[in-house]
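# Observations on the model geometry
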2 protein chains.
Amino acid sequence: MNRPPARTLPLSPTFSPLYRQIKELILASLESGEWGPGDAIPSESDLAQRFGVSQGTVRKAIDEMAADNLLVRRQGKGTFVATHNDPHSFFRFLRLAANEGVLPTSRSVPLECTRARAGTDVARILGMAVGTPIVILRRVLYFADKPVVFDEVYLPAELFPDFSLDFLNANDESLYSLFESRYGVRMIRADERLRAVSADRVSAAALDVAEGSPLLLVERVAFTYGDKPVEWRRGFYSTANHHYHNELS
Amino acid sequence: MNRPPARTLPLSPTFSPLYRQIKELILASLESGEWGPGDAIPSESDLAQRFGVSQGTVRKAIDEMAADNLLVRRQGKGTFVATHNDPHSFFRFLRLAANEGVLPTSRSVPLECTRARAGTDVARILGMAVGTPIVILRRVLYFADKPVVFDEVYLPAELFPDFSLDFLNANDESLYSLFESRYGVRMIRADERLRAVSADRVSAAALDVAEGSPLLLVERVAFTYGDKPVEWRRGFYSTANHHYHNELS
DNA sequence: CAGTGGTCTAGACCACCTC
DNA sequence: AGGTGGTCTAGACCACTGA
């Protein structure tokens, strides 16, 4: 008697629960830009009505997306699309901390921005053909006027067509914040590989350390919706007074 | 009419939802050893009856504890206390991967196990008084017969009274698995700080690299129930053919 | 088959925010 | 006061496991 009207039957093979299908629908709306970063999405009851499911099912879908850092819930106000333009999320992709005390304010200093074509490595990592146009950005992050991180960033030129140093100098927002507001490319996940290396001439000069000093090399592949890789980054961290912080659980 | 019998009222200040109180109760049972690692805990309906709440409330408590890696749900079978004695959880606290291919099987070779008294650093980190007895273990992890990680492990002697190399040689289980089965100390969380350093004489010898080579230093503080620190570890990783892997989301 | 966790619903009420 | 998310309940049914 309690059975609601018939719905697409799951039935064993390739079974996907309703709330996951709802999640995919909301994800599609995010990807299509129906709701942009920072926007409020419709209330749970609105979405429940739109999708023809109960509020609890929408709730479970949103719960997972909030756990994935795609949405942010704020009690009494609504549910919002996560954004990188938010001081809190600055350290989500920068696991840097000072050995003692709190990390002082940072300053990003772009060094150069060049155009090139993907070699075999970049092409493989970003899932593109060898020779595809790319943009290369080099910059240094300063903390308390000391250089700490030297970054080399590789981007597909197609997604970031008019990228240049000008935008960086004019903006003190984070790189991912710029990507999301100017190019509509939202980074949602990243894989990092960490190694210890000896500083070569370029990174030693950028970080003001002796050539051959040990540096922490952080290689990152960042992904946007649909697990599409859209950034490759090599960051050289000077770890004399700072460290990379990670919590295991 | 739908109101269940009266319950301890939350009422604004220091409000904690019911499912969180249930979580604390289950946590207490874990801590007290009522259910040991690997054991099945009572079914959701049993717990609901025991605590006088609905099954959905118990469910939400268990959901959070499963997300915290304290419990493991297995559909159709039950809910189990998480254990380190499990090949799957071996890499939960060892974020090591091979640069190419899969990581071959590992072999842990203990070098020495000594007794000492806590200096200021260890005392501060482990929350004990200076001079408290500690145990120091040094060992090397080999992959495909190549040394990759040189570990120095500092433990409070009180919790690991008869710790010695013998137990290690006789056991090919992981260190945390041994801690949990032999000493009843379960590691549930850890903080790691990563830096690049130059190999000193000791670590260079242990890892068969040249003195001064860049090594990845991973300093870890591991915590048991109640966020009590019970291990400090300095791991020197040789990252020529391996790397520390981290996923950001 | 019975027992477990997993999904879905419907409805009530609470906590929080804004107007 | 009215909206939002957050909690809690009760009950039905589904999917998985193992005897």
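Rules used in this analysis
- In every chain, residue numbers begin from 1 and rise along the written sequence.
- Chains and ligands are labelled by the order in which they are written, letters from A for the one and numbers from 1 for the other.
- Local features in this predicted model are restricted to residues whose pLDDT is 70 or higher, and side-chain atom pairs enter the listing and the counts only when it is 80 or higher, whereas totals over whole chains, interfaces and linings include all residues.
- The basis for every side-chain value is the complete set of non-hydrogen atoms in the structure, without hydrogens or water.
- Under the DSSP-based scheme used, a helix requires at least four consecutive residues in state H or I and a strand at least two consecutive residues in state E, with every element numbered from the N terminus.
- The criterion used for residue contact is that any of the two residues' heavy atoms lie within 4.5 Å.
- We call a residue near a molecule or strand when any one of its heavy atoms sits within 4 Å of it.
- Counted as a polar contact is a pair of N or O atoms within 3.5 Å, where, for protein atoms, one must be capable of donating a hydrogen and the other of accepting one, and residues adjacent in sequence contribute only when both atoms are in side chains.
- Relative accessibility under 20% of the residue-type maximum defines a buried residue, over 50% an exposed one, and the middle range a partly exposed one, all with a 1.4 Å probe and only protein chains included.
- To form a nonpolar core, buried Ala, Val, Leu, Ile, Met, Phe, Trp, Tyr and Cys residues must be joined to one another through side-chain atoms within 4.5 Å.
- Copy-to-copy alignment: least squares on C-alpha atoms, limited to residues at pLDDT 70 or above in both.
- Buried area: the accessible area, evaluated with a 1.4 Å probe, that two parts lose upon being put together, summed over both parts.
- Salt bridges are defined by distance alone: a side-chain nitrogen of Lys or Arg within 4 Å of a carboxyl oxygen of Asp or Glu.
- Residues were grouped as follows: Ala, Val, Leu, Ile, Met, Phe, Trp, Tyr, Cys and Pro as nonpolar; Asp, Glu, Lys and Arg as charged; and all remaining residues, including Gly, as polar.
- UniProt positions are given in the numbering used here, feature names are shortened, and annotations may be inferred rather than shown by experiment.
- Directions pointing from the helix axis toward each C-beta atom define the arc.
- Pairing between strands is defined by DSSP: at least two bridges between the two strands are required.
- Axis lines are fitted to C-alpha atoms, over the contacting stretch for helices. Their N-to-C directions set the angle, which ranges from 0 to 180 degrees.

## Quick word on the environment of Ala 61 of chain B
All names here are of chain B. You can see Ala 61 is positioned in helix H3 (residues 55–67). When the C-alpha positions of Ala 61 and Arg 20 are compared, they lie 6.2 Å apart, and in sequence the two are 41 residues distant. Contacts of Ala 61, omitting those with residues within four sequence positions, involve Tyr 19, Ile 22 and Lys 23.

## Notes on the protein's contact with DNA strand C
Taken together, 22 residues are adjacent to DNA strand C, and Leu 18, Ser 54 and Thr 57 of chain A together with Arg 59 and Arg 73 of chain B come closest. At the protein interface, 83% of the atoms of DNA strand C within 4 Å belong to sugar or phosphate. Within the backbone of Gly 76 of chain B, a nitrogen or oxygen atom sits 2.9 Å from a base nitrogen of DNA strand C. Going through the elements one at a time, helix H1 (18–32) and helix H3 (55–67) of chain A together with strand S2 (71–74) and strand S3 (78–81) of chain B are the ones with two or more residues in the surface near DNA strand C.

## Some details on the side chain of Arg 195 of chain A
Looking at where Arg 195 of chain A falls in the secondary structure, it is placed in strand S8 (residues 189–198). With relative accessibility at 12%, the residue Arg 195 of chain A sits in the buried group. Once residues lying within four places of it in the same chain are set aside, the contact partners of Arg 195 of chain A are Leu 215, Leu 216, Leu 217 and Glu 219 of chain A together with Asn 99, Thr 239, His 242 and His 243 of chain B.

## A few points about the nonpolar core
Phe 163 and Phe 179 of chain A together with Phe 163 and Phe 179 of chain B are the most contacted members of the largest nonpolar core, which totals 70 residues. In this view, Phe 163 of chain B contacts Cys 113, Arg 115, Val 135, Leu 137, Leu 168, Leu 175, Leu 178, Phe 179 and Tyr 183 of chain B; residues no more than four positions away in its chain are not counted. Counting 19 residues, the second-largest nonpolar core is a separate cluster that includes Ala 48, Val 58, Ile 62 and Tyr 225 of chain B.

## A short note on the relation of the copies chain A and chain B
The two copies are related by a screw operation: chain A maps onto chain B through 180 degrees of rotation and 0.0 Å of translation along the axis, at an RMSD of 0.0 Å. Viewed as a symmetry operation, the transformation between the two copies matches a two-fold axis. A share of 100% of interface residues in chain A that are also interface residues in chain B marks the association as one of identical surfaces.

## Notes on the interface of chain A and chain B
If you look at the interface, chain A gives 30 residues, while chain B gives 30 residues. Interface area, chain A with chain B, both sides summed: about 2700 Å², of which 48% is carbon and sulfur. Taken together, chain A and chain B are joined by 0 salt bridges. The tally of links from chain A across to chain B stands at 19 residue pairs in polar contact (both at pLDDT 80 or more). Only S8, strand S9 (214–224) and strand S11 (242–248) of chain A provide two or more residues apiece to the side of chain A that touches chain B.

## A short note on the protein's contact with DNA strand D
Taken together, 25 residues surround DNA strand D, and among them Arg 59 and Arg 73 of chain A together with Leu 18, Ser 54 and Thr 57 of chain B come closest. Within 4 Å of the protein, atoms of DNA strand D come from sugar and phosphate in 83% of cases. For DNA strand D, a phosphate oxygen lies 3.0 Å from a polar atom in the backbone of Glu 44 of chain A. Within the backbone of Tyr 19 of chain B, a nitrogen or oxygen atom sits 3.0 Å from a phosphate oxygen of DNA strand D. Here the residues of the surface near DNA strand D sort into 6 nonpolar, 10 polar and 9 charged.

## Topic: the pattern of salt bridges
Residues and elements named next belong to chain A. Inspection of the entire model under this criterion finds 46 salt bridges over all chains. A salt bridge links Arg 73 to Asp 63; its shortest N-O distance comes to 2.5 Å. Taken together, the residues span a long stretch of sequence, with Arg 73 in strand S2 (residues 71–74) and Asp 63 in helix H3 at a distance of 10 residues. You can call Asp 63 partly exposed: its relative accessible area is 36%. A salt bridge links Glu 219 to Arg 234, with the shortest nitrogen-to-oxygen separation between them at 3.0 Å. Placement of Glu 219 in strand S9 and of Arg 234 in strand S10 (residues 228–237) is noted, with a sequence separation of 15 residues between them. A residue is classified by how much of its surface remains accessible, and Glu 219, at 14% relative accessible area, is buried.

## Describing the UniProt feature "domain: HTH gntR-type" (unreviewed entry) in chain A
UniProt feature "domain: HTH gntR-type" (unreviewed entry): in the numbering of this structure it lies at residues 16–84 of chain A. Summarising residues 16–84 of chain A: 52% helix, 14% strand, and an end-to-end C-alpha distance of 31 Å.

## Considerations on helix H2 (residues 44–51) of chain A
All names here are of chain A. Buried within H2 we find Glu 44, Leu 47 and Ala 48. For H2, the buried positions fall inside an angular range of 105 degrees around the axis, keeping them on one side. Against H1, strand S1 (40–41), H3 and S2 lie the buried residues of H2. One or two residues past the end of H2 sits Gly 52, with phi positive at roughly 70 degrees.

## Topic: the sheet that holds strand S9 (residues 214–224) of chain B
The sheet built from 8 strands is open, its strands ordered S4(A)-S11(A)-S8(B)-S9(B)-S10(B)-S7(B)-S6(B)-S5(B) with antiparallel pairing. Because the sheet does not close on itself, it has two edges, and the strands there are strand S4 (96–98) of chain A together with strand S5 (106–117) of chain B. The sheet shows a mean angle of 25 degrees between the axes of neighbouring strands, taken without regard to direction. In terms of strand pairing, S5 of chain B meets strand S6 (residues 133–143) of chain B through 11 bridges, oriented antiparallel. Its bridge partner lying in S6 of chain B, Ser 108 of chain B is registered against Leu 141 of chain B. Set on the sheet, helix H6 (residues 175–182) of chain B makes contact with S6, strand S7 (146–156), S9 and strand S10 (228–237) of chain B; between it and S10 of chain B the angle comes to about 155 degrees.

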